[in-house]
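# Structure at a glance
Here is how the chains run, residue by residue.
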Amino acid sequence: MKIITLCGSTKFKEQFEEVNAFLTLQGNIVISLAFFEQSEGFEINEKQAELLGNLNFRKIDISDEIFVIDVKGYIGSSTKREIEYAKEKGKAIRYYSNVEISSNVLNEM
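### Quick word on the packing of aromatic side chains
In the structure shown here, the tally under the stated rule is three aromatic pairs. Measuring from centroid to centroid gives 5.3 Å for F16 and F36, while their planes differ by 65°, and the two rings are edge-to-face. Of the two residues, F16 sits in helix α1 (residues 13-24) while F36 sits in the loop between β2 (29-31) and α2 (37-40), which places them 20 residues apart along the sequence. Just as F16 is buried, F36 falls in that class too.

### Considering the side chain of E82
The residue E82 is located in helix α4 (residues 77-88) in this model. It turns out E82 is buried and unbridged, and the closest side chain with the opposite charge, R81, is 7.3 Å from it. A polar contact is formed between the side chain of E82 and the side chain of N56, at a distance of 2.8 Å. Setting aside its immediate chain neighbours within four residues, E82 contacts C7, G8, N56, F57, I60 and I66.

### Details of the sheet that holds strand β4 (residues 92-95)
Spatial ordering of the open sheet is given by β2-β1-β3-β4, a layout of four strands whose pairing is parallel. With one partner strand each, in any of the chains shown, β2 and β4 form the two edges of the open sheet. With direction set aside, neighbouring strand axes in the sheet form an average angle of 25°. Pairing between strand β1 (residues 3-8) and β2: three bridges, direction parallel. Note that in β2 the partner of I3 across the bridge is I29.

Each value, and the rule that gives it
- Residues numbered from 1 in each chain as written.
- Predicted model: local features only at pLDDT ≥ 70, side-chain atom pairs only at ≥ 80, totals over all residues.
- Heavy atoms only, no water.
- Phe/Tyr/Trp six-rings, centres within 6.5 Å; stacked < 30°, edge-to-face > 60°.
- Helix = DSSP H or I, 4+ residues; strand = E, 2+ residues; numbered from the N terminus.
- Buried < 20%, exposed > 50% of the residue type's maximum accessible area, 1.4 Å probe, protein only.
- Lys, Arg positive; Asp, Glu negative; His and termini not counted.
- Salt bridge = Lys/Arg side-chain N within 4 Å of Asp/Glu carboxyl O.
- Polar contact = N/O pair within 3.5 Å; in protein donor to acceptor, adjacent residues only side chain to side chain.
- Contact = heavy atoms within 4.5 Å.
- Pairing = 2+ DSSP bridges.
- Axes fitted to C-alpha atoms, helices over the stretch in contact; angles between N-to-C directions.

Given below as structure tokens:
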């Protein structure tokens with residue numbers, strides 16, 4: 001069992017949910033996002049964005065690895081900072097684009 005933090009753009013809500021289920025059903029503790037401001041059209045201000053960024057770094061601190069949701073290779077600036085932070089902390093890093101995840105993950109268990 002590992003603790004895994006999901007990182008990536010908030011526009012990929014569907015993929016976050018898919019990966020969360022996939023990793024959880026493998027017996028991992030998965031830490032995801034509280035909400036998906038880009039997918040849901042939720043506006044946040046600069047102070048809130050900074051707070052969320054700092055929270056993501058703390059999530060990485062308590063994790064064994066991060067799983068980057070990089071749909072079609074997309075990695076935004078915030079996610080790039082999280083990847084660099086995870087590297088500095090010696091965390092394992094996996095990428096959505098490199099892992100085979102079945103669309104029927106819940107039906108296969």
